[in-house]
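An overview of the molecular structure
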Amino acid sequence: KRRDALGMLAHGDLEEVYTRSKAEMISLIQIAMGGQCAEEIFIGDISTGPAGDLLYATNVAAQLVGAAGMMDTLVSFAAVQGNTFTDTNLVGRVLGDPDGRRRVEELLQEQKLAVKGALEANQHLVAALRDALIERDELVGKEINAVLEAAAAAGPPPRVIDLREAERVHAGD
């Protein structure tokens, strides 16, 4: 199903959606930032893998900032006609405006920090999903929930304390 992709997260709505709340839009950005944050935490580097997710997150952020009146401005960049602000599409208009670009960047950076914190705090859940994916090759819907519920019930593994480090700290007192 994922064809040439190394991995893929697909999500959709159970019912047809005509409008989204600000919280839903922010959640979509956070979902999109998950891959890049996971690479940073678990690999220590980032790759081009999450580039499509970043594109999606940027589009959603531009809608929040420049069309939906959800980010401290009621100016709609969708009202701009013609080739003003360097482009005719909404994202181009928002990113072509210095204040719009700053707002999009701040929103993306804030959400990336939130996602990174959540992943760091729940590494045991990520590890459980990783292990299940290695075992099964694919997880869908209820399977994902079952893996997460089992891992949450088991709780995080005990914290390993390197006693050699404790001795060095103590010796320095």
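In this section: the confidence of the model for the protein. Averaged over every residue, the pLDDT of the protein is 84; the share at 70 or more is 82%. For the protein, helix 7 (residues 163–171) is the element with the lowest average pLDDT, namely 62, and helix 4 (residues 98–121) is the one with the highest, namely 94.

Here the focus is the nonpolar core. Grouped together as the largest cluster of nonpolar side chains are 22 residues, with contacts concentrated most on Ile29, Leu64, Val94, Val104 and Leu107. If we ignore the near neighbours within four places in the chain, the residues touching leucine 107 are Ile26, Ile29, Ala61, Leu64 and Met71. In this structure, Ala128, Ala132, Val147 and Ala151 belong to the second largest nonpolar core, which totals six residues.

Turning to the pattern of salt bridges, a few remarks are in order. With the rule as written, the count across this model stands at six salt bridges. Put simply, arginine 102 and glutamate 106 hold a salt bridge, and the shortest N to O gap is 2.9 Å. Of the two residues, arginine 102 and glutamate 106 are both situated in helix 4; the distance of four residues between them amounts to about one turn of the helix. For arginine 102, a relative accessible area of 38% puts it in the partly exposed group. A salt bridge links arginine 130 to aspartate 131, with the nearest nitrogen and oxygen atoms 2.9 Å apart. With a relative accessible area of 45%, arginine 130 lands in the partly exposed category.

Relative to the helices and strands, glutamate 40 is located in helix 1 (residues 22–42). Between the C-alpha atoms of glutamate 40 and lysine 116, which are 76 residues apart in sequence, the distance is 8.6 Å. Contact partners of glutamate 40, with chain neighbours within four places excluded, come to Asp45, Ile46, Lys112 and Lys116.

Attention shifts here to helix 1. For helix 1, which comprises 21 residues, the first-to-last C-alpha distance of 30 Å matches the rise-based estimate of 30 Å (1.5 Å per residue) to within 8%. The largest bend in helix 1 is about 40 degrees, located at glycine 34. Listed as buried for helix 1 are Met25, Ile26, Leu28, Ile29, Ala32, Met33, Gly34, Gln36, Cys37 and Glu39. Packed against the buried residues of helix 1 are helix 2 (51–66) and helix 4. Phi for glycine 44, located one or two positions after helix 1, is positive at around 85 degrees.

The rules behind these values
- Residues numbered from 1 in each chain as written.
- Predicted model: local features only at pLDDT ≥ 70, side-chain atom pairs only at ≥ 80, totals over all residues.
- Heavy atoms only, no water.
- pLDDT = per-residue confidence, 0-100.
- Helix = DSSP H or I, 4+ residues; strand = E, 2+ residues; numbered from the N terminus.
- Core = buried A, V, L, I, M, F, W, Y, C linked by side-chain atoms within 4.5 Å.
- Buried < 20%, exposed > 50% of the residue type's maximum accessible area, 1.4 Å probe, protein only.
- Contact = heavy atoms within 4.5 Å.
- Salt bridge = Lys/Arg side-chain N within 4 Å of Asp/Glu carboxyl O.
- Expected span 1.5 Å × (residues − 1).
- Bend = angle between axes of the 7 residues up to and from the residue.

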